[in-house]
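Geometric and topological summary
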Amino acid sequence: MSIAENINSIKSGLPSHVNLVAVSKTKPIEDLRVAYDAGQRIFGENKVQEMVDKYGQLPHDIQWHMIGHLQRNKVKYIAEFVTLIHAVDSLKLLQEIEKQGHKFQRKINCLLQLKIAEEDSKYGMSFETANEILNSEAYNNMSYANIVGLMGMATFTEDEQVIHDEFKYLKTCYDKLGAQDHKLEILSMGMSGDYSIAISNGSNMIRIGSHIFGSRNYN
Ligand SMILES: *Cc1c(COP(=O)(O)O)cnc(C)c1O
């Protein structure tokens, strides 16, 4: 199937409250144009330089989501245009986002990445740390860095029960933190292989790469 057909078939099966992020990392600009012409407006990238390059070449009504691990010294390159940073994993990164948001005079929406997988992935914080950050004086004094939800990645496994349990745990965290009046509205979970399980566990933002653009070649 074509990129446009893939987008349409994924979208036609989505509940209306679920937003689709088209993960275009490693893909050429022509592929993004095809997706754009099919009506897709939210694109996810995981490398700063690649996102900046693509931003410069495509229409400006695209919403750019940084979905990968973000180094503090690179926030400045995307602060002017990024719509959502999915993988905030420390207060220090949030402080840099605040600084750059101030500089560019724009609020920058962020998600805290929670580590929900059993496997030893490098990034993501615990529920306790997320809770601490949201209630910290440091965060509550910020005017530009704005936490609007949580993001997580399930274990890469065939075992659907494991994936289900991990997403369910993240939803529980999201509900607990949201109940404290933190105005959380985005729960970003689910990728090509597991988005149905994510949606049935409360996801309202899925990040789909290979099911739209085909498999990626990493070098
Ligand atoms: C690459 C990536 C995706 C998309 O993965 P697919 O399996 O190709 O859909 C989603 N989220 C993050 C954080 C990614 O790095």
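First, a word on scope: everything that follows refers to the structure included in this document. Keep in mind that what you see is a predicted model, and the values were worked out from it rather than measured.

1. Brief notes about helix 5 (residues 91–104)
A rise of 1.5 Å per residue sets the reference length of helix 5, with its 14 residues, at 20 Å; its end C-alpha atoms lie 20 Å apart and thus fit the reference within 8%. Within the span of helix 5, buried status applies to Leu93, Leu94, Glu96, Ile97, Glu98, Gln100 and Gly101. Those residues of helix 5 that are buried are in contact with helix 4 (75–78), strand 4 (84–88), strand 5 (108–114), helix 6 (127–134), helix 7 (137–140) and strand 6 (145–152). Gln105 occupies a position one or two residues after helix 5 and carries a positive phi of about 55°.

2. Some words on the layout of surface pockets
Looking at the largest pocket, its volume works out to about 900 Å³. Every residue lining the largest pocket is counted, 34 residues in all, and those nearest its centre are Lys25, Met153, Ala154, Met191 and Arg207. Mapped by element, the contributors of at least two residues to the lining of the largest pocket are strand 5 and helix 8 (160–178). Classifying every residue of the lining of the largest pocket by side-chain character gives 14 nonpolar, 11 polar and 9 charged.

3. Some words on a negative patch on the surface
A contiguous patch of negative charge, built from Glu158, Asp159, Glu160 and Asp165, is present on the exposed surface. Along the polypeptide, Asp165 turns up in helix 8. Overall, Asp165 belongs to the partly exposed group, its relative accessible area being 40%.

4. So, the site of the ligand
Neighbouring residues of the ligand: Val23, Lys25, Ile67, Met151, Met153, Met191, Ser192, Arg207, Ile208, Gly209, Ser210 and Arg216. Within the side chain of Lys25, an N or O atom sits 2.7 Å from an oxygen atom of the ligand. Contacts to the ligand include Ser210, whose backbone N or O atom sits 2.8 Å from an oxygen atom. For the ligand, the protein covers 89% of the area, taking 400 Å² as the surface of the free molecule.

The rules behind these values
- Here the residue numbers are simple positions, counted from 1 along each chain's written sequence.
- With the structure being a predicted model, the display of local features is reserved for residues of pLDDT at least 70 and the display and counting of side-chain atom pairs for 80 or more, all residues being used for whole-chain, interface and lining totals.
- The basis for every side-chain value is the complete set of non-hydrogen atoms in the structure, without hydrogens or water.
- Numbering of helices and strands runs from the N terminus, with a helix taken as a DSSP run of H or I at least four residues long and a strand as a DSSP run of E at least two residues long.
- Expected helix span is computed as 1.5 Å times (number of residues minus one).
- Buried, partly exposed and exposed residues are distinguished by accessible area as a fraction of the type maximum, computed with a 1.4 Å probe on protein chains only: under 20%, between the cut-offs, and over 50%, respectively.
- Note on definitions: a residue-residue contact is assigned when non-hydrogen atoms from the two residues lie within 4.5 Å.
- Only protein atoms enter the 1 Å grid, on which a cavity is a set of points fitting a 1.4 Å probe that cannot get out and a pocket is an open set with protein on both sides within 12 Å along at least 5 of 7 lines, lining residues being those with an atom within 4 Å of a point.
- Grid points are joined across faces, edges and corners, and a volume is the space filled by probe spheres set on the points.
- For this classification, Asp, Glu, Lys and Arg are treated as charged, while Ala, Val, Leu, Ile, Met, Phe, Trp, Tyr, Cys and Pro are nonpolar and the rest, including Gly, are polar.
- What makes a patch is a set of residues exposed beyond 30% relative accessible area and free of salt bridges, joined within 9 Å when like-charged and within 5 Å when nonpolar (Val, Leu, Ile, Met, Phe, Trp, Tyr).
- Accessible surface is estimated by sampling points in the Shrake-Rupley manner with a 1.4 Å probe; for residues, cover comes only from the protein chains shown.
- Salt bridges are identified by distance alone: a Lys or Arg side-chain nitrogen within 4 Å of an Asp or Glu carboxyl oxygen.
- In this tally Asp and Glu are treated as negative and Lys and Arg as positive; neither His nor the chain ends contributes.
- By convention, the point assigned to a charge is CZ for Arg, NZ for Lys, CD for Glu and CG for Asp.
- Throughout this document, a residue counts as near a molecule or strand when at least one of its heavy atoms sits within 4 Å of that molecule or strand.
- Whenever a nitrogen or oxygen atom comes within 3.5 Å of another N or O atom, the pair is scored as a polar contact, on the condition that within protein one atom can donate a hydrogen and the other can accept it, and that pairs from neighbouring residues in sequence are kept only if both atoms are in side chains.

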